[in-house]
Each structure stands twice: as C-alpha cells, then as structure tokens.
Amino acid sequence: MRIVSLAGGIGGARFLRGLKAAAPESDITVIGNTGDDITLFGLRVCPDLDTVMYTLGGGINEEQGWGRADETFTVKEELAAYGMQPQWFGLGDRDFATHIVRTQMLAAGYGLSAVTEALCDRWRPGVRLLPMTDDQTETHVVIEDERGRRAVHFQEWWVRLRASTPALEIALVGAASATPAPGVLEALERADVVILPPSNPVVSIGTILQIPGIREAVAAKTVVGVSPIIGGAPVRGMADACLTAIGVETSAQGVLELYGADLLDGWLVAEEDAATSLEGVAVEARPLLMSSPEATRDLAAAALELAGKVA
Ligand code: GDP
Ligand code: FO1
Ligand code: CA
Ligand code: CA
C-alpha cells in the first residue's frame, strides 16, 4: 500500500511512528510542514522536518518532543556571552551540526528536498520525508502589544510569547509563489490513501495545504484525518490560540468543518467527541491518545481501517 501523510512536528511524528508499526509493509511518504522554518545565526532551522526525522530515526529528545537526545548547549551559551540574539530559541550543540550541514548544502545550491534526503541518509527514518516546498515560506503572526501592531515570525509568537498575545492574523509568507517540492504531487498522485495526522490544523496541516496544488491533489484521494483536539482542547501545545485566530472553534467539530467534506472522507475523534458529524464524512470515535507505542499503532491502524471502509 502507498500511504502519504502530511505532518507537522510532535503530533505528526508520534503518529507516524504508530503508522510505521501498523503498516510495516507499506511505502510511506511524508509531506512535512516548513512554515515553522527560521534563519537563526545564519543557519536554516526546519523544526518540523527535524522533529519527524529525529523521532523516526531514534535521535529525538523523547520528553521534550523536539531537539536531540543527550543534548548540550555550549554553543548557545557562548553565543549568549557575545550578546547574540535571539536567546529565546534553544539550539543544542548536536542540533547545530544538522543546521550547519543543511545551510551549507542550501548555499551550494541544493534544494531543501535534496538536503532533507541527505540528512535522512544518516537517520534512516523509514519513510520518504519531503518538505512541502523547496521555496522559502515562513509563517508570520500579526500581534498587537505595547510596541503596536506588527508581524512577528511564528517561532517568536510560539516560543518567546507562548502564544499568550492573541494572533490577529496568521499568514504563510511566500505561499502564493511557492510550488510543491519535487516528488510531492507525484507521491500524492500514486497514493492509495492520504492521512492527516493529529497535527496542528492551522500552522502544520493548514500550512501544507496552502501550497498551490497540494490541497487539490490531496482532496482527489481517499483522505482520513485524526483530530488533534479532544474534548474541546488540544492534547498538547497551543493549537487553540491558532484556531481562535482564524475564527474556528477549538473542537473536533470545528477542525472537521475547517478541513471540510471536500477534503476529508473519514475523521477519527475521541470517544467524548462521538457526536461530531458532517455530511459526506464518515466519523468514528476511537481512543485518540498516543500514550504508548501500542496505543499509537492502534490509532494509526484505525485510520487505515476507516480509509478502507470509505474508499
Ligand atoms: P508541532 O509542530 O510540534 O506543534 O506538532 P504537530 O503540529 O504535528 O502536532 C501538534 C498537535 O498534536 C497539537 O495540536 C496536539 O493537540 C496534538 N497531539 C499531541 N499529542 C496528541 C495525542 O496523543 N493525541 C491526539 N489526538 N493529538 C495529539
Ligand atoms: N521550542 C521551544 O519551545 N523552545 C525552544 O527553545 C525550541 C528550540 C528548538 C530547536 C530546534 C527545533 O527543531 C525545535 C525547537 N523548538 C523549540 C520546537 C519548535 O520550534 C516548536 O515547537 C515548533 O516549531 C512548533 O511546532
Ligand atoms: Ca510545527
Ligand atoms: Ca477525497
């Protein structure tokens, strides 16, 4: 079976681990979000691609969900001693090496998809990991505080401000002129099923779907999504702040309507959200917490099973 999954960071990566366990014989292509990407200290950082690569490749800091295991922060401390900004983003020493390789290859003219493939030669994530686009696109957030109304990079809003200042607008800068990365439309074309894992519906899945051509190519397939919202709240993180910013209720129903029946064929919700419904979409209630490898595998298996029913 050929499976394509979109993915953000932690929620997507953890689900993908379950998907690999549920469908070990399958050919899995992951289309990763690059809207979170940022240039820091001259280096290109791709948090969601790295989270997927490290999680599936065995290098992730499991407790934190992002960054490397056994990490140290000597370079960060030395940069801070020079007064280098920003100091609110914690790049570890091991992680720095990944960013140096990536930035050097990008500077040599390789596309981000080729760079990601090269990084994955080391990590062997067991899936084909593609960035949504090789073009530079960045999510920016319009906020208003004592300094007035201004746009900040998504990472500044998410990491420095912890999404506590309301987002007035969330925009993917560069989206209109971006094109899907090499292999993205081909993988979708060949897919038997497309999975939307429980990633952030606005700044992970919503971002990927904004790259011209991707939403249409996904919608043409059998598509099953897993709700990242359980009982009216995100399981982890601040997806509620993102949903509020675009005027969508933080609920399994709200996200289902956001994706819509033109995109989704099936939607998995938690047992307490069993009343969720939308004409044209098969909704099933299942345990949605990825609390163990087995629970995560069973969740992925349920998504594939639902896809089989609605195909
Ligand atoms: P990020 O890029 O690191 O923020 O990660 P993603 O966008 O891939 O996923 C974030 C989403 O994962 C959040 O909105 C969480 O609610 C969701 N999430 C995290 N753990 C779980 C879980 O165990 N079950 C479900 N259903 N969603 C989860
Ligand atoms: N998240 C934080 O909350 N604080 C950090 O200092 C931080 C550093 C960081 C470094 C590399 C990386 O790949 C991810 C990192 N993240 C950090 C996570 C990440 O930037 C955000 O959680 C996401 O972009 C939201 O998906
Ligand atoms: Ca992310
Ligand atoms: Ca469809």
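In what follows, the structure referred to is the one given above.
The residue count restarts for each chain, going from 1 along the sequence in the order it is written. Whichever chain is written first becomes A and whichever ligand is written first becomes 1, with later ones labelled in order. Totals for whole chains, interfaces and linings use all residues, but because this is a predicted model, local features are given only for residues with pLDDT of at least 70 and pairs of side-chain atoms are given and counted only at 80 or more. To obtain the side-chain values, all non-hydrogen atoms of the structure were included, while hydrogens and water were left out.

### Looking at the pairing of strand β6 (residues 138-145)
Accessible area is worked out with a 1.4 Å probe on protein chains only. A residue is then buried under 20% of its type maximum, exposed over 50%, and partly exposed in between. Numbering of helices and strands starts at the N terminus; helices are DSSP runs of H or I of at least 4 residues and strands are runs of E of at least 2. Most of β6 is tucked away: six of the eight residues are buried. Alignment of β6 against strand β7 (residues 148-153), held across six bridges, turns out to be antiparallel. Of the residues in β7, the one forming a bridge with Val142 is Ala151. Connecting β6 to the antiparallel partner β7 that follows it, the hairpin turn spans two residues. Strands qualify as paired when DSSP identifies two bridges or more between them.

### Remarks on the site of ligand 1
Taken together, 19 residues surround ligand 1, and among them Pro198, Ser199, Asn200, Ser204 and Leu288 come closest. Under the rule applied, a polar contact is a pair of N or O atoms within 3.5 Å (in protein, one hydrogen donor and one hydrogen acceptor; residues adjacent in sequence only if both atoms are side-chain atoms). One nitrogen or oxygen atom from the main chain of Ile10 is found 2.9 Å from an oxygen atom belonging to ligand 1. Backbone polar atom of Met290 to an oxygen atom of ligand 1: 2.8 Å apart, as the coordinates give it. Here the open area of atoms and residues is found with the Shrake-Rupley method and a 1.4 Å probe, where only the protein chains shown may cover a residue. Within the complex, the protein chains bury 91% of what would otherwise be the 590 Å² of accessible surface of ligand 1. Here the element with the most residues in the shell around ligand 1 is helix α1 (residues 10-22); it accounts for three residues. In the shell around ligand 1, the residues fall into nine nonpolar, eight polar and two charged. Any residue with at least one heavy atom within 4 Å of a molecule or strand is counted as near it. The residue classification treats Ala, Val, Leu, Ile, Met, Phe, Trp, Tyr, Cys and Pro as nonpolar and Asp, Glu, Lys and Arg as charged. All others, Gly included, are polar.

### So, the packing of helix α2 (residues 47-57) against helix α4 (residues 93-107)
In this analysis, axes come from line fits to C-alpha atoms, helices being fitted only over the stretch in contact, and the angle between any two N-to-C directions falls in the range 0 to 180 degrees. At a closest axis distance of 12 Å, the pairing of α2 and α4 adopts a crossing angle of 120°. By the angle between their directions, the pair α2 and α4 is classed as oblique. At the point where α2 passes α4, the crossing takes the right-handed sense. On α4, the residues touching Asp50, Met53 and Tyr54 of α2 are Asp95, Thr98, His99 and Arg102. Across the contact of α2 with α4, the residue classes break down as two nonpolar, two polar and three charged. Every angle not falling under 35 degrees, over 145, or within 65 to 115 is termed oblique; those three ranges are roughly parallel, roughly antiparallel and roughly perpendicular. Each crossing gets its hand from how the near helix is turned against the far one by less than a right angle, where anticlockwise is left-handed and clockwise is right-handed. Note on contacts: a residue pair is in contact if any heavy atoms of the two residues lie within 4.5 Å.

### Focus: α2
Turn by turn, an α-helix covers 3.6 residues, leaving residues three or four places apart pointing in a common direction. The buried fraction of α2 is high, at 10 of 11 residues. Looking at α2, one finds that the buried residues are Pro47, Asp48, Leu49, Asp50, Thr51, Val52, Met53, Tyr54, Thr55 and Leu56. One or two positions beyond α2, positive phi appears at Gly58, with a value near 85°.

### Things to note about the site of ligand 2
Taken together, 14 residues form the shell around ligand 2, and within it Asp36, Trp66, Gly90, Gln155 and Arg162 come nearest. Gly90 is positioned with one of its backbone polar atoms (N or O) 2.7 Å from an oxygen atom of ligand 2. One of the side-chain nitrogen or oxygen atoms of Gln155 is found 2.8 Å away from an oxygen atom of ligand 2. Within the complex, the protein chains bury 89% of what would otherwise be the 520 Å² of accessible surface of ligand 2. Of all the elements in the fold, those that place two or more residues in the shell around ligand 2 are α2 and α6 (154-160). With four residues, the top contributor of residues to the shell around ligand 2 is α6. A per-class count over the shell around ligand 2 returns eight nonpolar, two polar and four charged.

### Some remarks on the coordination of the calcium ion (ligand 4)
Coordination of the calcium ion (ligand 4) by the protein comes from Ala219 (O), Lys221 (O) and Asp265 (OD), over a distance range of 2.4 to 3.0 Å. Read in sequence order, the donor residues for the calcium ion (ligand 4) give the motif A-x1-K-x43-D. A relative accessible area of 26% means that Ala219 is categorised as partly exposed. We call an atom a donor if it is N, O or S and sits within 2.8 Å of the metal, or 3.2 Å for Na, K and Ca. Water is not counted, so some sites may look partial.

### What about the sheet that holds strand β1 (residues 2-7)?
The strand order across the open sheet built from seven strands is β5-β2-β1-β9-β10-β13-β14, with neighbouring strands paired in parallel fashion. In this open sheet, the two edge strands, each paired with only one partner strand, are β5 (128-131) and β14 (282-285). Along the sheet, successive strands turn relative to each other by an average axial angle of 20°, direction set aside. For β1 and strand β9 (residues 193-196), the ladder comprises three bridges, and the chain directions are parallel. Residue pairing in the sheet places Val4 in a bridge with Val194 of β9.

### Concerning the pattern of salt bridges
For this analysis, a salt bridge means a side-chain nitrogen from Lys or Arg found within 4 Å of a carboxyl oxygen belonging to Asp or Glu. Under the definition given, this model contains 12 salt bridges. Salt-bridge contacts for Arg286 lead to Glu284; the nearest nitrogen and oxygen are separated by 3.0 Å. On the basis of relative accessible area, Glu284 is assigned to the buried category, the value being 16%. Here Lys309 makes a salt bridge to Glu305, at a shortest N to O gap of 3.9 Å.

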